[in-house]
Amino acid sequence: MRLDDFAPIAEYYRESDSGFGAFRQHPTVLRLRWPDDVLEQWLYEHSDYGPFLHDYVNVDLSRIKWNVEVISTTELIGMPTGLSDGDCIDEFAKNPSHWISVRQHGVHIGVSLCWEAHGTWKRWPILIDRSLLSSSATGLQVVEGRTRVGILKGRCREGSLVAKSHLAWVGRPIGRSE
């Protein structure tokens, strides 16, 4: 199962009144056995996003197992994202206060409080083991949550409160764990 297999399914449910609840019940989506938060952030919201399609077109999504892991700030601020949007984390890092301030409504209520009180995000970003992209690749890569990681990087640079470590969804090849 590839990312582009999910693009028409996600588009259908986003454009209908059914929404994410119906999307997650689609038989193809159910076969993945992914956590809802990962399904929503990556496949439902971004499976038809051009740069993601380019960067993750060859990833066999059925080979990914998801767990929540603790990731250090040092590792996160040095982590790459896909080549198509390779500079976006640094762009978000230039003005972290702006990117926090525009996230105040709907699902984003509480984002600024999380940063100010805890030095971390409200919603865990999506990271994948880079060996899923190339057998010789190592480390992790930010798939979704590039704004969040950019905010973290910018807050570190500014000397603002940041936690020493953060929770994130991490996808690794089935049969392999860190």
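The rules behind each value
- Residues numbered from 1 in each chain as written.
- Predicted model: local features only at pLDDT ≥ 70, side-chain atom pairs only at ≥ 80, totals over all residues.
- Heavy atoms only, no water.
- Pairing = 2+ DSSP bridges.
- Helix = DSSP H or I, 4+ residues; strand = E, 2+ residues; numbered from the N terminus.
- Axes fitted to C-alpha atoms, helices over the stretch in contact; angles between N-to-C directions.
- Contact = heavy atoms within 4.5 Å.
- Buried < 20%, exposed > 50% of the residue type's maximum accessible area, 1.4 Å probe, protein only.
- Salt bridge = Lys/Arg side-chain N within 4 Å of Asp/Glu carboxyl O.
- Phe/Tyr/Trp six-rings, centres within 6.5 Å; stacked < 30°, edge-to-face > 60°.

Undergrad: Any chance you could explain the sheet that holds strand S2 (residues 126-129) here in plain terms?
TA: Sheet strands line up and pair through hydrogen bonds in the backbone, either parallel or antiparallel. Spatially, four strands are ordered S1-S4-S2-S3 in an open sheet, and the strand pairing comes out mixed. Every other strand in the sheet has two partners, leaving strand S1 (64-72) and strand S3 (140-144) as the edge strands with one partner each. Averaged over all pairs of adjacent strands, the angle between their axes in this sheet comes to 35 degrees, without regard to strand direction. With four bridges joining them, S2 and S3 adopt antiparallel strand pairing. Counted as the bridge partner of isoleucine 128 is glutamine 141 from S3. With respect to the sheet, helix H4 (residues 36-46) is in contact with S1, S2, S3 and strand S4 (165-173), its orientation differing from that of S2 by roughly 90 degrees. Helix H10 (residues 146-158) contacts S3 and S4 of the sheet and is inclined by roughly 120 degrees relative to S3.

Undergrad: How should the pairing of S4 be read in this particular structure?
TA: Looking along a regular strand, one sees the side chains alternate between the two faces of the sheet. For S4, the tally of buried residues reaches seven of nine residues, placing the bulk of the element in the interior. Across nine bridges, S1 lies against S4 in antiparallel orientation. Its bridge partner lying in S4, isoleucine 71 is registered against histidine 166. Bridge count between S2 and S4: three bridges; the pairing is parallel. Within the sheet, the bridge partner assigned to leucine 127 lies in S4 and is valine 170.

Undergrad: Explain the pattern of salt bridges to me, please; I cannot follow it from the model alone.
TA: Between side chains of opposite charge, a pair can form as their charged atoms come close. Counted under the stated rule, the structure contains 12 salt bridges. One salt bridge connects arginine 155 with glutamate 116, and the closest N-O pair in it is separated by 3.3 Å. Here arginine 155, found in helix H10, pairs with glutamate 116, found in helix H9 (residues 111-118); they are 39 residues apart in sequence, far enough to count as distant. For arginine 155, a relative accessible area of 5% translates into the label buried. Aspartate 129 is the salt-bridge partner of arginine 172, the closest N and O atoms lying 3.2 Å from each other. Note that arginine 172 is positioned in strand S4 and aspartate 129 in strand S2, a separation of 43 residues in sequence. Given the relative accessible area of 1%, aspartate 129 is considered buried. Counted as one network, the salt bridges with shared partners bring together Asp37, Glu40 and Arg123.

Undergrad: Could you clarify how one ought to interpret the packing of aromatic side chains in this entry?
TA: The geometry of an aromatic ring pair comes down to the distance between the two centres and the angle between the two planes. What the rule picks out here adds up to 14 aromatic pairs. Centre to centre, the rings of phenylalanine 20 and tyrosine 44 are 5.4 Å apart; their planes meet at 70 degrees, and the pair counts as edge-to-face. You can see phenylalanine 20 sitting in helix H2 (residues 19-23) and its partner tyrosine 44 sitting in helix H4, a full 24 residues away along the chain. Classification of phenylalanine 20 as buried rests on a relative accessible area of 15%. Plain terms: the ring middles of tryptophan 34 and tryptophan 66 are 5.2 Å apart, the flat faces sit at 75 degrees to each other, and that makes the pair edge-to-face. A residue pair is termed long-range when its members are at least 10 positions apart, and tryptophan 34 in the loop between helix H3 (27-32) and H4 and tryptophan 66 in strand S1 qualify at 32 residues. An aromatic cluster is defined as three or more aromatic residues linked by ring pairs; in this entry it consists of Trp34, Trp42, Tyr49, Phe52, Tyr56 and Trp66.

Undergrad: What is the right way to read H4 from this model?
TA: Since there are 3.6 residues in each turn of an α-helix, residues three or four apart along the chain are aligned in direction. Among the 11 residues in H4, eight count as buried, and that is most of the element. When H4 is considered as a whole, its buried residues turn out to be Asp37, Val38, Leu39, Gln41, Trp42, Leu43, Tyr44 and His46.

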